[in-house]
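Spelled out, the chains give:
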Amino acid sequence: MTSAPADTALTGLAPVSAQPVTGSSGTSRQKARANDAAAIVRRLVWNPIVAKELRSRMRGWHALALLTGYLCVIGAVGYVVYSGYSGSSGNVIEAGAAGSALFRSLALAVMASIALVVPGLVGPAISGERERQTLELLLVTPLGPARIVLGKLVAALALVALLVLACAPLFSVAFLLGGIAPVHVLELFAFALVVTLCLGSLSMFASVALPRVGPATVVSYLAMLVLMAGPLIGSYGLQGAFPSADNANGVTEVSGRVGAPGVVVAISPVAGAADLLGSGPCGVSGFLPVISPNFVWVGGDCGAALEYTTSLGPLGTLQTWQASLSFDGFIALAGIGASVIMLRRREPS
Amino acid sequence: MAAEAAVRVQGLTKRFGHFDALAGLSFEVKRGDIFGFIGPNGAGKTTTLRVLAGLARPTEGDVNIEGVDIVAHPAALGELTGYVPDLFGVYDSMTAAEYLAFYAACYRVSRRLIGRVVDDLLELVGLPGKRDVPANKLSRGMKQRLCLARALVHDPRVLLLDEPASGLDPGARADMYQLLRALQELGKTLLLSSQILPELAEICTSFGVIQAGRMVACAPAQSLLSGPGPRRARVRARGDLASVEKIAGAIEGVTQVHRNGAGTLEVTYEGPGAGSEGLDGPAILRVLVMAGVAVTDFRDDGLELFWQPAGTDRADRDGVGATVTEEGRTPGPDGSEVVD
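Each chain has its residues counted from 1, following the order in which its sequence is written. To label them, take the chains in the order written and letter them from A, then take the ligands in the order written and number them from 1. pLDDT decides what is reported in this predicted model: residues at 70 or higher carry local features, side-chain atom pairs at 80 or more are listed and counted, and totals for whole chains, interfaces and linings draw on all residues regardless.

The subject of this paragraph is the overall build of chain A. Elements are defined by DSSP. Helices are runs of H or I of four residues or more, strands are runs of E of two residues or more, and each kind is numbered from the N terminus. When you go through chain A residue by residue, the secondary structure sums to 15 helices and three strands. Here the C-beta atoms are placed from the backbone, and a residue counts as buried if at least 20 other C-beta atoms lie within 10 Å of its own, exposed if 12 or fewer do, and partly exposed otherwise. Relative to its full complement of 349 residues, chain A shows a buried share of 38%. This entry defines residue contacts through backbone-placed C-beta atoms, with two residues in contact when those atoms are within 7 Å. In chain A, the proportion of contacts linking residues at least 24 apart, taken out of those at least 6 apart, comes to 73%.

Another aspect to go through is the environment of Lys188 of chain B. All names here are of chain B. Within the element layout of this structure, Lys188 appears in the loop between helix 6 (170-185) and strand 8 (189-194). Between the C-alpha atom of Lys188 and that of Gly24, which follows or precedes it by 164 residues, the distance is 26 Å. Residues in contact with Lys188, not counting those within four places in the same chain, are Arg157, Leu159 and Leu183.

All right, on to the sheet that holds strand 5 (residues 68-69) of chain B then. Residue and element names in this part refer to chain B. Pairing is antiparallel in the open sheet, where four strands are placed in the order 2-1-4-5. Taken across any chain shown, the strands that pair with only one partner, and hence form the sheet edges, are strand 2 (19-30) and strand 5. In this sheet, strand 2 lies alongside strand 1 (residues 5-16) in antiparallel orientation, the contact comprising eight bridges. Residue Lys14 lies in a different strand from strand 2, and its bridge partner there is Leu22. Each pair of strands is called paired provided DSSP finds at least two bridges between the two strands.

All names here are of chain A. Across the interface, helix 5 (residues 95-122) lies against helix 10 (residues 182-209) with an axial gap of 8 Å and an inter-helix angle of 20 degrees. Considering their axes alone, helix 5 and helix 10 lie roughly parallel with respect to each other. The interaxial crossing formed by helix 5 with helix 10 has right-handed handedness. Contacts from Ala107, Val110, Met111, Ile114, Ala115, Val118, Pro119 and Val122 in helix 5 reach Leu188, Ala192, Val195, Thr196, Leu199, Gly200, Ser203, Met204 and Ser207 in helix 10. Here the term charged refers only to Asp, Glu, Lys and Arg, the term nonpolar to Ala, Val, Leu, Ile, Met, Phe, Trp, Tyr, Cys and Pro, and the term polar to all other amino acids, Gly among them. A breakdown of the residues in the contact of helix 5 with helix 10 according to their chemical character gives 13 nonpolar, four polar and no charged. Only C-alpha atoms enter the line fits that serve as axes; for helices the fit covers just the stretch in contact. Angles between N-to-C directions range over 0 to 180 degrees. Reported orientations rely on four angle classes, namely roughly parallel under 35 degrees, roughly antiparallel over 145, roughly perpendicular from 65 to 115, and oblique for the rest. By convention, the crossing between two helices is left-handed when the near helix turns anticlockwise from the far helix through less than a right angle, and right-handed when the turn is clockwise.

To continue, consider the nonpolar core. By convention the nonpolar core is taken to be a set of buried residues drawn from Ala, Val, Leu, Ile, Met, Phe, Trp, Tyr and Cys and joined through C-beta atoms within 7 Å. Counting residues in each nonpolar core, the largest one holds 159 residues, and the members touching the most others are Leu106 of chain A together with Leu100, Ala104, Leu121 and Leu191 of chain B. Top element by residues in this core is helix 5 of chain A. It accounts for 14 residues. Not counting residues within four places of it along the chain, the set of residues in contact with Leu106 of chain A comprises Ile74, Val77, Gly78, Cys167, Leu170, Phe171 and Ala174 of chain A.

Phi at Gln133 of chain A is positive, roughly 65 degrees, even though this residue is not glycine. Accessibility expressed as a C-beta count within 10 Å gives 14 for Gln133 of chain A, which makes it partly exposed.

Laid out in structure tokens, this is it:
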């Protein structure tokens, strides 16, 4: 059983990085340079954890069941909204408005599902390895903490991306009805990507910090709730601390254009999503001034020009969804960096 | 000497808060050796292996593996060593071949070589028929061999194995030892840890006995296992002397236990080292009797025992005779170095 094979790869194997590139002619040198460049690219993107995680997640019936259930829910949301715009004969009245409403409701459903799915996917990522007693085996490989964290994150986010892309046929119905510009879709996907990264990085930090899957997942969901609701509640609580200002244009502006609450509320992806998908008091984001009276409102009446803005003080003013995207992007980077540092410093007891 | 050392550890200290898990540990392992790292629970075996594997940073001291200072160049460590922890898991959804292929990719083994490496390793560890079996369906012994194969995917020069035979039945243990010998024949240097010397006696070429973070004996196997006997050791015990007498009397090869009074027993040991019951205390006591080592501060079940070779007559710190030469080192059997 245990006699060493005569021609075993075991005795002569060298890591790829250590294999010399040979060749003396000009062509060989060019090939060698090309190989070197390819090796550098491979080295940068090389992460076997992504492939392993995706293979594991997509194997068996769980992924299929998740995808089917998810599409059923999103489809049901779309059907309910579409039905609301249908006449008794089944014909769609005001196709543009129907398309716009369908798009917004589908997008909101997707955003909500991202908020619910990401903590559950990423929370167990590292804590699960630790609980399974495989984390040390990964840590002794040349992968390093950064690639382990990024590999786990990318694999989880790839599954989320699959869920979002699987909704494309439903979104196409909204396009058929009209009322949606391609730029809206691009903005939505950019925002969704950053929010997913932000939630994923917070969950990853919980996963690195906590030793067991259960607590890590619970804390991941709590972090999601704090990120979503915390800024809105905090902004509401802070409103008394900032003086009100009259708006010369007579537009609804409760407590002033420049003030912390407006900035604080933009941290929440809820505010960003509402701004991105809303159309002022006539649309889905009409609830924002109710939640946060300090929220700055500029513009006239309901329409495309109507949008919330957030003052960043000396940095100027951004649309709220852009400010939210910036804040959440920063949180995502900070969360990933903190996870890598913590995993590097954390020593087994 | 240094050129032949695959592993050289000098003054290794690892501190957790105020607790010194390792207190100035020093030893060398020659290239191609199977080095047995013996000691009771909490002695520092696992901590030492973790430091060597790069999972823990030393507080103080130098660690060289194949001439590379791993404290200064930790990135080089992954290529040099293969580590098998005492407790490890497998991925439920992976087959044995996928498991090895994944780790081969982690170690940057070329994609075109991975298939061959996996096949060779499964052959080497005796699991060619389990290639497509989910890893979690394998028996404990098979998982142990699979994990050993995992540690070999990048062809490391030094293997660190933390209690590789623990929990295995005698048949699986014999298979494991046969496999370790095969790896030695391939030129690997192996460091194995165990709580029990006889468990490793049949395969190790040298031993180190660790106690409370210090190396108390480090010697070639033949000098540790087959020194001249019978040997006598005087034991000074605090606590229940009758229990110590009972423990010492139960050790295989101990032919006489004589109570001298003043908390001292004189133990006579004769016979080869075999058949420990697996108890930490007796097993280590037996190792020490065989090695003729003087050890202080050996704690087991609340008893504090002070061992010393029979026939020594100088006083140690508690007033009991001990042979102590310069720098606190005493010569062991056939000149091997013994640290007091």
